[in-house]
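Residue-level structural notes
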Amino acid sequence: MGLLLYGEETKRLKFRNLLSTDFKAWLPFHKYPRSTQYWEGLPKDPYTACREQFDRVFERYEKKLGGMNALILKSDGNLVGICGLLVQTVDGLQELEIGYSILPEYWKQGYATEAAIKCREFAFKNNLADSLISIIHVDNIPSQKVALNNGMHLDKTTLYKDNPVQIYRIRSPFTISQN
């Protein structure tokens, strides 16, 4: 079982692999300053930032490290965001992260929560990990709300890629706890 949700669906969204042809549709994410306002170390030029993000997504696909799926609105076929399961190393430990980003014009409509919940359900149903995390900048309140809506709790605060982050976590209901 792979980490990508290709072919999965929610009530309003279809998951598919991100394609190089999605670049133009995703570029507004990087052009809108509030999209990346919390994260230090990203290129200031939106084209460069978008290209680097796409390169990372495709590298993850090739190396079987999960990756962001394109989120396609069922009603009109438009790209609304990206979301997926990502193999990450946090504080020296390998973790499986639910990552999500939504295009600004689709913010505050529940798409991030809907997609994140699908990722959680997919991961636990397929026994991909005993727990899942979301890595969120300490100042990114909207993303923290998505994690809470996905049943996660604040696990710890740490540094990740030179950014102060909070690690939100949820444990699989199918895992026998070790007391």
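Scroll up a little and you will see the structure.
Nothing here was measured: the structure is a model prediction, and the numbers come from that model.

This part is about the overall build of the protein chain. Secondary structure assignment for the protein chain yields four helices and seven strands. For the protein chain, the C-alpha radius of gyration of 15 Å lies close to 16 Å, the compact-globule estimate for 179 residues. C-alpha extents for the protein chain along the principal axes are approximately 50 × 35 × 30 Å. Within the protein chain, residue pairs in contact and separated by at least 24 positions form 62% of the contacts whose partners lie at least 6 positions apart. Here the protein chain has roughly 9,700 Å² of accessible surface; of this, 50% comes from carbon and sulfur atoms.

For the rest of this paragraph, the subject is the nonpolar core. Trp26, Leu71, Leu85, Ile98, Tyr100 and Leu132 are the most contacted members of the largest nonpolar core, which totals 47 residues. Element by element, the count of residues in this core is highest for helix H3 (residues 111-125), at eight residues. Look past the residues within four positions of Leu132 in its chain and what remains in contact with it is Leu85, Leu96, Ile98, Arg120, Ala123, Phe124, Met152, Tyr168, Arg169 and Ile170. Formed by six residues, the second largest nonpolar core is a distinct cluster that contains Ile133, Ile135, Tyr160 and Val165.

This brings us to the pairing of strand E2 (residues 66-73). Buried residues dominate E2, accounting for eight of its eight residues. As defined by bridge partners, strand E1 (residues 13-17) adjoins E2 across five bridges and the pair is classed as antiparallel. Directly across from Leu13, in E2, lies its bridge partner Leu73. Inspection of the sheet shows E2 paired to strand E3 (residues 79-90) by seven bridges, in the antiparallel sense. Directly across from Gly67, in E3, lies its bridge partner Leu85. Connecting the antiparallel pair E2 and E3 is a turn made up of five residues, with Gly77 showing a positive phi of about 80°.

Within the secondary structure, Trp107 sits in the loop between strand E4 (93-102) and H3. For Trp107, a relative accessible area of 27% translates into the label partly exposed. Sequence separation between Trp107 and Val80 is 27 residues, and the spatial gap between their C-alpha atoms is 9.1 Å. Apart from the residues lying within four places of it in its own chain, the contact partners of Trp107 are Tyr32, Arg34, Ser35 and Ile102. Within the local environment of Trp107, its side chain forms a polar contact with the backbone oxygen of Ile102, the two atoms lying 2.7 Å apart.

Another aspect to go through is helix H2 (residues 46-63). Between its first and last C-alpha, H2 extends 26 Å over 18 residues, near the 26 Å set by a 1.5 Å rise per residue. Buried residues along H2 sit against E1, helix H1 (23-31), E2 and E3.

A few words now on unusual backbone geometry. Although it is not a glycine, Asn127 sits at a positive phi angle of roughly 50°. Positive phi, close to 50°, is recorded for Lys161, a residue that is not glycine. Mapped onto the elements, Lys161 comes out in the loop between strand E6 (153-160) and strand E7 (163-171).

In this section: the packing of aromatic side chains. One pass over the full model with this rule turns up seven aromatic pairs. Here the aromatic rings of Tyr32 and Trp107 are separated by 5.5 Å at their centres, their planes lie at 70°, and the arrangement is edge-to-face. Placement of Tyr32 in the loop between H1 and H2 and of Trp107 in the loop between E4 and H3 is noted, with a sequence separation of 75 residues between them. Feature note: the residues Phe23, Phe54, Phe58 and Tyr61 constitute an aromatic cluster, connected by ring pairs.

How each quantity is defined
Residues numbered from 1 in each chain as written. Predicted model: local features only at pLDDT ≥ 70, side-chain atom pairs only at ≥ 80, totals over all residues. Heavy atoms only, no water. Helix = DSSP H or I, 4+ residues; strand = E, 2+ residues; numbered from the N terminus. Rg over C-alpha atoms; globule rule 2.2 N^0.38 Å. Contact = heavy atoms within 4.5 Å. Areas by Shrake-Rupley, 256 points an atom, 1.4 Å probe, with all protein chains shown as cover. Core = buried A, V, L, I, M, F, W, Y, C linked by side-chain atoms within 4.5 Å. Buried < 20%, exposed > 50% of the residue type's maximum accessible area, 1.4 Å probe, protein only. Pairing = 2+ DSSP bridges. Polar contact = N/O pair within 3.5 Å; in protein donor to acceptor, adjacent residues only side chain to side chain. Expected span 1.5 Å × (residues − 1). Phe/Tyr/Trp six-rings, centres within 6.5 Å; stacked < 30°, edge-to-face > 60°.

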